[in-house]
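Observations on the model geometry
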Amino acid sequence: VEVLDKDGSMVEEKVIKFNEGDTLINLVKENFENVVVSGEGEWQMIDSIESIKNEADWSYYICIYVDDVESAVGIASIEFIDGTKISFKLIKNPYA
């Protein structure tokens, strides 16, 4: 699991051990600092992790990538499988 700032620089990178039934959202909360989650159910999203956070005006926001592909679902719906690369990237909002 990696966390990247808006310049693409690595903020934190960790290999996380997990057990069957562990959820990605809980693993992230247990292994990273300053994790703030908003939303409910399957559409929960990360508002901050480590030193990066969504901008108040949403000009930049944290986007989740699974094996280098932008996730189409919230963090609660992402299946964590051995060898999966999860990236939290602070990206520019093309609509802001």
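Let me begin by describing the structure that accompanies this report. (Residues numbered from 1 in each chain as written. Predicted model: local features only at pLDDT ≥ 70, side-chain atom pairs only at ≥ 80, totals over all residues. Heavy atoms only, no water.)

Some points on the pairing of strand 8 (residues 86–92)
Keep this limit in mind: Partly exposed residues are those whose accessible area sits between 20% and 50% of the maximum for their type, while under 20% is buried and over 50% is exposed, using a 1.4 Å probe and protein chains only. The way it works is that DSSP assigns letters per residue, a run of H or I at least four long becomes a helix, a run of E at least two long becomes a strand, and they are numbered from the N terminus. Strand pairing is defined by DSSP finding a minimum of two bridges between the two strands.
Burial runs high along strand 8: 5 of the 7 residues are buried. Pairing between strand 1 (residues 2–4) and strand 8: 3 bridges, direction parallel. Across the sheet, the residue bridging to Glu-2 is Ser-87, located in strand 8. In this structure, strand 6 (residues 60–66) lies alongside strand 8, joined through 7 bridges in antiparallel fashion. Across the sheet, residue Ile-62 finds its bridge partner in strand 8, namely Leu-90.

Some thoughts on the sheet that holds strand 1
Overall, mixed pairing links the 5 strands, which are arranged 2-1-8-6-7 in an open sheet. What marks the edges here is a single partner per strand, and that holds for strand 2 (10–13) and strand 7 (69–70).

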